[in-house]
Amino acid sequence: MNLTVANVLRCSKEYSILLLYVIFSIQGVAFFRVGNAALKPYHLLVLVWVIHTASEVIGQKRRISLLGWPFYFYFATVVLLSVINYFYVGLNTMLANYIFVFFLFIVVSLAYGNFSYPEILSQLRGAAWVIGLLILLDVVLSYGGGWAGRIDLVFEVYGGGINLEASWVALAGCFFIGKRREFIAYLVIPIIINYVTLSRTGSIITAIVFLCWIWTNRKYVKKWHVTLFAGLSIIYLVYIYFGGVLGRPLFDRFLQIGSVGGGSGREILLHYASLVLWERPYVGWGAGNAILALRSQGFSGSEDNVHNYLLQNYLDFGVFGLFFWLLFFIYMIKKSANKPELRCYLICFGVAGLVQFRGAEPLFYLVVPALISAAERCGAMDQYVKNSKI
């Protein structure tokens, strides 16, 4: 048997995106690290994938249709401004992450354009169950006779802290929006994880996903649905408000925003960011260098990003970088028309990006092009069927 990347993907069509999602989710494993960059298993996987795709395109002289034209303008801006800033600030290894997601975006767009939208969603739901249950197990194992304050997890799947663990699990709930009963079953996982980790961001994303589910399924609302919605809403509010009785004061965490340990770290970041806001408005500081600008003003925290996706793009790549990122995001929102799972995913990512994420998120650039490519295929098939009937 000719064991090539193409054959592996072809033979495992039913599970390929599921496996990729799981592999991309386990970001705490790395062969070695250099600055902000790390060589991880999925990097090697995508490298082989890129080499195979390039050889296939060149060898068969295939014409390729690249998805998401605003993304390529955004990437070109990222590279150009990072190179320019090399002569003034230096080159950050974060640029390697942007180059990686650039090639990831291309190969995913090409590979999953032959899949149907329901197929991709089905696999993503399977992957969400795997990762969600794994993190839930992690939460259980982290119990050490009592949870006083925020817990320390035994291991981190996504890496970067418990907020990211809770946020990505909640974000995966978007894949279940079209499944009325399975959605409720999965929702239990992020609710428990948010409750135990005291994650405000995870709780907000879970609430948005829940509202998207209600809106998407509004045509099927019956009396029992209303009862279920009211019951879950009450339970959700009770567990947030009275969580302090059980030692999990999540509601208090919302009230502490702005105080020590209650979001003050992000406010400090915003304060120092405001000091350098107009220093390099057109070219920025280059990929990953924004935090260096803050340190030049006296910031001494351990963070390597400003915990705000829009601000990060502006500080790293100036107004041009921010413009092309917003253009790309609007493009993706437009492509998500009539695809509630994809639209909800983009909305939740945008909201979460106001308080976290550093840029070039591999999981985002795996999920979004796969869903958009599959959605466009479904749209093309629908149009073909419609024209055939005329």
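The residue numbering used here restarts from 1 in each chain and proceeds along that chain's sequence as written. Since the coordinates come from a predicted model, pLDDT governs what is reported: local features require at least 70, and pairs of side-chain atoms require 80 or more to be given and counted, while whole-chain, interface and lining totals use all residues. Side-chain descriptors were evaluated using all non-hydrogen atoms of the structure, hydrogens and water having been removed beforehand.

Here we come to the overall build of the protein chain. Going along the chain from the N terminus, every DSSP run of H or I of four or more residues is numbered as a helix, and every run of E of two or more is numbered as a strand. Tallying secondary structure elements over the protein chain gives 16 helices and two strands in all. Within the protein chain, the proportion of its 390 residues that are buried is 49%. The contacts in the protein chain between residues at least 6 apart in sequence include a share of 74% that link residues at least 24 apart. Residue exposure ignores everything except the shown protein chains as possible cover, and the areas themselves are Shrake-Rupley values with a 1.4 Å probe. Of the accessible surface of the protein chain, which amounts to about 18900 Å², a share of 67% is contributed by carbon and sulfur atoms. Relative accessible area decides the class of each residue, using a 1.4 Å probe on protein chains only: under 20% of the type maximum gives buried, over 50% gives exposed, and in between gives partly exposed. Whether two residues are in contact is decided by their heavy atoms, any of which lying within 4.5 Å being enough.

Put simply, two rings from Phe, Tyr or Trp (the six-membered ring, in Trp's case) pair if the centres are within 6.5 Å, and we call them stacked under 30 degrees between planes, edge-to-face over 60, tilted for the rest. In total, this model carries 45 aromatic pairs according to the counting rule given. With a centroid separation of 5.7 Å and an interplanar angle of 15°, the aromatic rings of Phe73 and Phe324 are classed as stacked. Here Phe324 lies in helix H14 (residues 309-335) and Phe73 lies in helix H4 (residues 69-86), a separation of 251 residues in the sequence. Under the relative-accessibility criterion, Phe73 is labelled partly exposed at 46%. Ring centres of Phe364 and Tyr365 lie 5.2 Å apart, and the angle between their planes is 90°; on these two criteria the pair is classed as edge-to-face.

By salt bridge we mean one thing: a side-chain nitrogen of Lys or Arg within 4 Å of a carboxyl oxygen of Asp or Glu. Taken as a whole, this structure holds three salt bridges when the rule is applied. One salt bridge in this structure joins Asp304 and Arg358, with 3.5 Å as the shortest N-O distance. Highlighted residues: Asp304 in the loop between helix H13 (290-295) and H14 and Arg358 in the loop between helix H15 (340-352) and helix H16 (362-389), separated in sequence by 54 residues. Under the relative-accessibility criterion, Arg358 is labelled partly exposed at 26%. For Glu376, the salt bridge goes to Lys335, with nearest N and O atoms at 2.4 Å. Pair noted here: Glu376 is in helix H16 and Lys335 is in helix H14, with a separation of 41 residues, a long-range link. Lys335 sits in the partly exposed class, given a relative accessible area of 31%.

A residue's pLDDT is the confidence the predictor assigns to it, expressed on a 0 to 100 scale. Mean pLDDT for the protein chain: 80, with 75% of residues reaching 70 or above. When pLDDT is averaged over each helix and strand of the protein chain, the minimum, 50, is found for helix H1 (residues 5-11) and the maximum, 94, for H15. Across residues 380-390, confidence stays below pLDDT 50; counting only partners more than four residues off in sequence or on other chains, it has zero contacts.

By secondary structure assignment, the location of Glu267 is in helix H12 (residues 264-275). On the basis of relative accessible area, Glu267 is assigned to the partly exposed category, the value being 43%. Between the C-alpha atom of Glu267 and that of His307, which follows or precedes it by 40 residues, the distance is 9.9 Å.

Quick look at unusual backbone geometry now. You will see that Phe357, though not glycine, has its phi angle at about 80°, which is positive. Of the residues examined, Phe357 reaches a relative accessible area of 5% and is grouped as buried. Positive phi, normally seen in glycine, also occurs at Ala360, with a value near 55°. With respect to the helices and strands, Ala360 occurs in the loop between H15 and H16.

The α-helix advances 3.6 residues per turn, and as a result positions three or four apart in sequence lie on the same side. Multiplying 1.5 Å by the helix residue count minus one yields the expected span of that helix. Here H15 spans 18 Å end to end across 13 residues, near enough to the 18 Å set by a 1.5 Å rise per residue. Those residues of H15 that fall on the buried side of the exposure criterion are Glu341, Leu342, Cys344, Tyr345, Leu346, Cys348, Phe349 and Ala352.

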